[in-house]
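Observations on the model geometry
Residues per chain are reported as follows:
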Amino acid sequence: MSDRITLTGLRVFGRHGVFDHEKRDGQEFVVDIVVWLDLGPAAASDDLTKTLHYGELAELAAGIVAGEPYDLIESVAGKIADEVLRDERLTAVEVTVHKPSAPIPLNFDDVAVTVFSERRRQ
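Residues numbered from 1 in each chain as written. Predicted model: local features only at pLDDT ≥ 70, side-chain atom pairs only at ≥ 80, totals over all residues. Heavy atoms only, no water.

The name given to the chain in an unreviewed UniProt entry is 7,8-dihydroneopterin aldolase, with the source organism recorded as Amycolatopsis lurida NRRL 2430. What UniProt records for the chain under Catalytic activity (unreviewed entry) is the sentence "7,8-dihydroneopterin = 6-hydroxymethyl-7,8-dihydropterin + glycolaldehyde". The UniProt entry for the chain carries this comment under Sequence similarities (unreviewed entry): "Belongs to the DHNA family." (UniProt positions renumbered as here; feature names shortened; annotations may be inferred.)

Below, the structure written as C-alpha cells:
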C-alpha cells in the first residue's frame with residue numbers, strides 16, 4: 001500500500017522522562033505520524049468518512065503526549081501507534097516522537113524515537 005497521510009510537527013507539552021524534574025516541569029515534544037491506507041474511496045467520493053480525519057489523528061496523539069507520563073519516549077510512540085492502528089482501515093503506522101529538550105549536557109538539535117507497526121494479516 002503506497003497511499004498515506006502524514007502529520008508532521010505536532011507540538012505538545014508533556015511530562016515524560018526518567019528524571020523527576022522532567023515529570024515535574026515537563027517540556028515540549030514534537031510528533032510526526034504517517035498512516036498507510038487505501039485513499040481511493042475518499043478520492044473518488046470526496047467523502048471525509050472514507051479517509052482518516054487528520055484533525056482527529058492530531059487530537060488522539062496530543063491527548064497521549066499531554067496525558068499519563070511515561071519514562072521513555074519509546075513508550076509514548078508505542079502507545080500512539082497502538083491507538084492509531086485501532087482504525088481497521090489502516091494497514092500500518094509510523095510514529096516519531098522528538099524530544100528536542102532532552103536532558104543531555106551537550107549541544108544537539110534533537111533526540112527522536114520512531115516506531116513502525118503494521119497490521120497483521122489474518
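Thoughts on the UniProt feature "domain: Dihydroneopterin aldolase/epimerase" (unreviewed entry) in the chain
According to UniProt, the "domain: Dihydroneopterin aldolase/epimerase" (unreviewed entry) feature falls on residues 5–117. Along residues 5–117 one finds 33% helix and 29% strand; the C-alpha atoms at either end are 15 Å apart. (Helix = DSSP H or I, 4+ residues; strand = E, 2+ residues; numbered from the N terminus.)

So, the packing of aromatic side chains
Applying the stated criterion across every chain, the model contains one aromatic pair. Ring plane angle 75 degrees and centroid distance 5.8 Å describe the contact between tryptophan 36 and phenylalanine 116, whose orientation is recorded as edge-to-face. With tryptophan 36 in strand E2 (residues 27–36) and phenylalanine 116 in strand E4 (residues 112–118), this residue pair connects regions lying 80 residues apart in the sequence. For tryptophan 36, a relative accessible area of 16% corresponds to the buried category. Owing to a relative accessible area of 45%, phenylalanine 116 belongs among the partly exposed residues under this scheme. (Phe/Tyr/Trp six-rings, centres within 6.5 Å; stacked < 30°, edge-to-face > 60°. Buried < 20%, exposed > 50% of the residue type's maximum accessible area, 1.4 Å probe, protein only.)

Some points on the packing of helix H3 (residues 54–66) against helix H4 (residues 73–84)
Running from N to C, H3 and H4 cross one another at 145 degrees; their axes reach a closest spacing of 10 Å. Considering how the two elements wind past one another, H3 and H4 form a crossing that is right-handed. Where H3 approaches H4, its residues Leu57, Leu60, Ala61, Ile64 and Val65 are matched on the opposing element by Val76, Lys79, Ile80, Glu83 and Val84. Here the contact of H3 with H4 is composed, by residue class, of eight nonpolar, no polar and two charged. (Axes fitted to C-alpha atoms, helices over the stretch in contact; angles between N-to-C directions. Left-handed = near helix turned anticlockwise from the far one by under 90°. Contact = heavy atoms within 4.5 Å. Nonpolar A, V, L, I, M, F, W, Y, C, P; charged D, E, K, R; others polar.)

Focus on unusual backbone geometry
Negative phi values dominate among residues other than glycine, just as trans dominates among peptide bonds. Positioned with a positive phi, aspartate 46 is a non-glycine residue whose angle comes to about 55 degrees. Take aspartate 46: it is sitting in the loop between helix H2 (40–45) and H3. Assessed through its relative accessible area of 73%, aspartate 46 is described here as exposed.

Focus on a nonpolar patch on the surface
A contiguous nonpolar patch, built from Val18, Phe19 and Leu72 and spanning about 280 Å² of accessible area, is present on the exposed surface. For phenylalanine 19, the position within the fold is in the loop between strand E1 (4–14) and helix H1 (20–25). (Patch = residues over 30% accessible without salt bridge, like charges linked within 9 Å, V, L, I, M, F, W, Y side chains within 5 Å. Areas by Shrake-Rupley, 256 points an atom, 1.4 Å probe, with all protein chains shown as cover. Salt bridge = Lys/Arg side-chain N within 4 Å of Asp/Glu carboxyl O.)

So, the nonpolar core
Of all hydrophobic cores here, the largest spans 30 residues; its most connected members are Ile33, Val35, Ile80, Val95 and Val97. The set of elements that each furnish at least two residues to this core consists of E1, E2, H3, H4, strand E3 (92–98) and E4. Those residues in contact with valine 97 that lie beyond four places of it in its chain are Phe29, Val30, Val31, Ile73, Val76, Ala77, Ile80, Val111, Ala112 and Val113. (Core = buried A, V, L, I, M, F, W, Y, C linked by side-chain atoms within 4.5 Å.)

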